[in-house]
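# Coordinates in review
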Amino acid sequence: MKIFAIDTSGKAMGIAIADENGIIIEHNDTSGAKHSAALASTIKNILDKAGLGFNDIDGFSVSIGPGSFTGLRIGVTMVKGFAFATKKPVTAVPTLDTIAYNCIASPRLICTIVDASRNLVYACLYESRGQGLERKSDYLLISVSELLKRIQGPVMFLGDGLSVYREHIIKYFKDTSMGAGMEFAPEPMWYPKASTVAIMGLERFKDGKFEDPDKLVPFYIYPTI
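Basis of the calculations
- Residues numbered from 1 in each chain as written.
- Predicted model: local features only at pLDDT ≥ 70, side-chain atom pairs only at ≥ 80, totals over all residues.
- Heavy atoms only, no water.
- Helix = DSSP H or I, 4+ residues; strand = E, 2+ residues; numbered from the N terminus.
- Buried < 20%, exposed > 50% of the residue type's maximum accessible area, 1.4 Å probe, protein only.
- Contact = heavy atoms within 4.5 Å.
- Expected span 1.5 Å × (residues − 1).
- Pairing = 2+ DSSP bridges.
- Axes fitted to C-alpha atoms, helices over the stretch in contact; angles between N-to-C directions.
- Salt bridge = Lys/Arg side-chain N within 4 Å of Asp/Glu carboxyl O.
- Core = buried A, V, L, I, M, F, W, Y, C linked by side-chain atoms within 4.5 Å.

### Description of the environment of Ala100
Within the secondary structure, Ala100 sits in helix α3 (residues 95-100). Judged by relative accessible area, which is 0%, Ala100 ranks as buried. Sequence separation of Ala100 and Ile113 is 13 residues, and the distance between their C-alpha atoms is 9.5 Å. Look past the residues within four positions of Ala100 in its chain and what remains in contact with it is Ile110, Thr112, Tyr126 and Leu133.

Here it is as structure tokens:
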């Protein structure tokens, strides 16, 4: 089974193709080019390099957010179009899950932090369970101060929110004498990867967790009033 995956949830644009044996090809563009301008041509180039056409693809996987409003709409719309045109199934992967997957081997609590602006972050807590992740919180739109109050014990932080809130987190753990239990993942692990969207999508396909393309929309979290 070959899965075609797209991630346009942030500044980078990722495309990957995977099957049961692993990643066939992956492209992650961090140049900052607009997704709307680059996505279609990049998809064609990736398929050509892999020697594949859409007839060879068994299904699609897309990162649905939370993340960039515009980027998510572009990625989801593209995948919906492919699904309608090819009559092939689709699965959707929450973006915070794909980021947490980068630290799946960590024995610590895993905390993803993605900058949502307005002094808020998208966040979620996880624990590693063998080859998978167990979510330990809801998907959150929250201030960093409120997020940190939810954390007990050793924790691994990752996500682009660290570029904004790293010093805030360090001060909090120092003030609460929990500094020894805090760790930051290396920056290359802060971002979602199209290969992860493909891998997690493949697992969802095996479990029969498909989406209705008619109802597929980006996953947005809005502030509570």
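Alright, that's what it looks like, and here's the rest.
### Describing helix α6 (residues 194-206)
Relative to the 18 Å expected for 13 residues at 1.5 Å per residue, α6 spans 18 Å between its end C-alpha atoms, a close match to the ideal helical length. The element α6 is extensively covered by neighbouring structure, given that 10 of its 13 residues are classed as buried. Ala194, Ser195, Thr196, Val197, Ala198, Met200, Gly201, Leu202, Arg204 and Phe205 are the residues of α6 that are buried. Where the residues of α6 are buried, they touch β1 (3-7), β2 (13-19), β3 (22-29), β4 (59-63), β5 (90-93) and α3. With its phi angle positive at about 70 degrees, Gly208 sits one or two positions after the end of α6.

### Examining the sheet that holds β2
If you walk across this open sheet you meet the five strands as β3-β2-β1-β4-β5, and the pairing is mixed. Either end of the sheet is taken by a strand with one partner, and the two such strands are β3 and β5. For this sheet, the mean angle separating the axes of adjacent strands, direction not counted, is 15 degrees. Here helix α2 (residues 69-86) sits on the sheet and contacts β1, β4 and β5; the angle it forms with β4, its principal contact strand, is near 170 degrees.

### A few points about the pattern of salt bridges
Applying the stated criterion across every chain yields a total of eight salt bridges. Measuring nitrogen to oxygen at the nearest pair gives 2.9 Å for the salt bridge that ties Lys44 to Asp48. With Lys44 and Asp48 both in helix α1 (residues 35-50), this residue pair falls four residues apart, about one helical turn. Several salt bridges converge on common partners, so that one network encompasses Glu127, Arg129, Glu134 and Lys136.

### Describing the nonpolar core
Among the nonpolar cores identified, the biggest contains 38 residues, and Ile151, Phe157 and Ile169 are the most heavily contacted of them. For this core, the secondary structure elements donating two or more residues are α3, β6 (109-115), β7 (121-129), β9 (140-142), α4 (144-149), β10 (155-158), α5 (162-175) and β11 (182-184). In terms of residues, this core owes the most to one element, β7, which gives six residues. Setting aside anything within four residues of it in sequence, one finds Phe157 in contact with Cys111, Ile113, Leu148, Ile151, Leu162, Ile169, Phe173, Met182, Glu183, Phe184 and Ala185. Counting 23 residues, the second largest nonpolar core, distinct from the first, contains Leu39, Ile46, Phe82 and Leu216.

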